[in-house]
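Spelled out, the chains give:
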Amino acid sequence: MATAADDLTEPRVLARAKRRLFPEDGAQAYAVVDTQFAQERWVDRTTVDEAVREALAPFNHVRVGSGYPDLVGVRPLDDELLAVDRLGGEPPLIAVEAKGYAGGGVDTERGIVQARDRLGEANVAFLAAPAAAISQTDRSLARECNVGVLAVETDGDVHAVERPRVVGNRTADAATTIRFQASAQGVADKSFGLNHPKNYLAYPLAVAHDRDTEAVLAERVVGATDAARDGAAFLNLVAVEPDRTALTALGKEVVRFALAEAGSVDAALDAFEGWKGSRGRFCEVAPRWGQLARRVVYAYPATELLVTELQSLHDDGERDPTLRQFVEYLHELHPTFTVELFLRGDEGVRSRALTGDGDLRGEMLTDGDAYHSPTVFQLKAMLYHAGIVTERGSEPHRLDPCEDRWALRHDVATTSG
């Protein structure tokens, strides 16, 4: 017969806590679990079930405060989990330390201290532990430390026995990446489904048109209207709300540009209709619209960092790096960002590509299928059409990371004083 110690190991405790804090249908939510949990065997050599690892995925090694929490994520939390209402502002950055049965005991006190140390950068910190192992002394310590306590029952129920207060903190680069992933512009599987920026630039024009948005877009520009809408949202051209799609400030600027360039939204869409099926680089086929596309794509948060680091590689003498070289270089400087942007989020890829300490396994970087399609195919293609990089993107199943090149079309020669 299975005992609580068998069922409530640390990986299982964390999987159940994650399910409570980050339900699959949660909005404005994103979470990663530390790479130590991606391994097939836990630290005490017990096997981690594949179903548990799938529940814990995606994995990344994210530094928050003084160390690496077991789970870090962003999500609005309900009143059952917080000591006071949080009115307005961004969803909190959440850090969780999990403790389970190992060798018969549960080190809850250490988990509380670890969680407290994450509050240097996190807004909320929790200990997750088996309910039977949480003592009144633990609860008193947690209250003193402003650490929430999630009690995990053997039947899978998870409830807060201590609720923390939200604290305000400036987050470091790694934690900011998780915030970005939870935002409307995060790099998700649905971020960029089309590989030409004209399809996204046209969406605010269709919103501003007097006919039905989807109908005019399908007729004049592209039939994949859902993908065009999603990409326009990720580029901050539109805000998708439950009952309508509204233009953002940047989207309104695209409409104003169209009015100045073509005289009317309808006339601008005529030009887009003429570009259907064009294989040419957009910045050469339509130079002024290409310049606008460049400004819009550059405003996407991931673009500036990519361009900055490609320029740094150029300054170091590497003008034409392969995808594998670029990812290895980026990971040294921005490990959390690199994993989120380039590696697929499913358990199988990240558990093979990352060690328990979050280091890259170089041999996995030669497998095109390990890469995130919205980055290596769609985003790179948009950077190509906007005149930023030299080559189009490739679908992962056709991708050779040792041949695929990430080079700036126009790098800037720098000289010292």
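Now for a description of the structure that goes with this document.

Procedures and definitions
- Residues numbered from 1 in each chain as written.
- Predicted model: local features only at pLDDT ≥ 70, side-chain atom pairs only at ≥ 80, totals over all residues.
- Heavy atoms only, no water.
- Helix = DSSP H or I, 4+ residues; strand = E, 2+ residues; numbered from the N terminus.
- Buried < 20%, exposed > 50% of the residue type's maximum accessible area, 1.4 Å probe, protein only.
- Contact = heavy atoms within 4.5 Å.
- Core = buried A, V, L, I, M, F, W, Y, C linked by side-chain atoms within 4.5 Å.
- 1 Å grid on protein atoms, 1.4 Å probe; cavity = no way out; pocket = protein on both sides within 12 Å on 5 of 7 lines; lining within 4 Å.
- Points joined across faces, edges and corners; volume = space filled by probe spheres on them.
- Nonpolar A, V, L, I, M, F, W, Y, C, P; charged D, E, K, R; others polar.
- Salt bridge = Lys/Arg side-chain N within 4 Å of Asp/Glu carboxyl O.

1. Brief notes about the environment of Asp 34
Its location among the elements puts Asp 34 in the loop between strand S1 (30-33) and helix H3 (50-56). A relative accessible area of 3% places Asp 34 in the buried class. C-alpha of Asp 34 to C-alpha of Arg 211: the two residues are 177 residues apart in sequence and 49 Å apart in space. Once residues lying within four places of it in the same chain are set aside, the contact partners of Asp 34 are Phe 59, Asn 60, His 61, Val 62, Tyr 68, Pro 69, Asp 70 and Gly 356.

2. Regarding the nonpolar core
Formed by 70 residues in total, the largest nonpolar core has its most connected members in Leu 201, Leu 205, Trp 289, Leu 306, Phe 342 and Tyr 371. In contact with Phe 342, other than residues within four places in its own chain, are Leu 306, Leu 323, Phe 326, Val 327, Leu 330, Ala 370, Tyr 371, His 372, Thr 375, Val 376 and Trp 406. Core analysis: the second largest hydrophobic core is formed by 44 residues, Trp 42, Leu 77, Val 96 and Ala 128 among them.

3. Regarding the layout of surface pockets
Counted as a void, the second largest pocket has a volume near 310 Å³. Forming the boundary of the second largest pocket are 18 residues, of which Asn 195, His 196, Arg 279, His 385 and Arg 392 lie nearest the centre. If you list the elements that add at least two residues to the lining of the second largest pocket, you get helix H7 (197-208) and helix H18 (373-385). Here the element with the most residues in the lining of the second largest pocket is H18; it accounts for 3 residues. Across the lining of the second largest pocket, the residue classes tally to 4 nonpolar, 8 polar and 6 charged.

4. Focus: the pattern of salt bridges
For the structure on display, the rule yields 25 salt bridges. Two residues, Arg 229 and Asp 230, come together in a salt bridge whose shortest N-O distance is 4.0 Å. Where Asp 404 meets Lys 380, a salt bridge forms, and the shortest distance between an N and an O atom there is 3.1 Å. You can see Asp 404 sitting in the segment after H18 and its partner Lys 380 sitting in helix H18, a full 24 residues away along the chain. Residue classification places Asp 404 among the buried residues on the basis of a relative accessible area of 6%.

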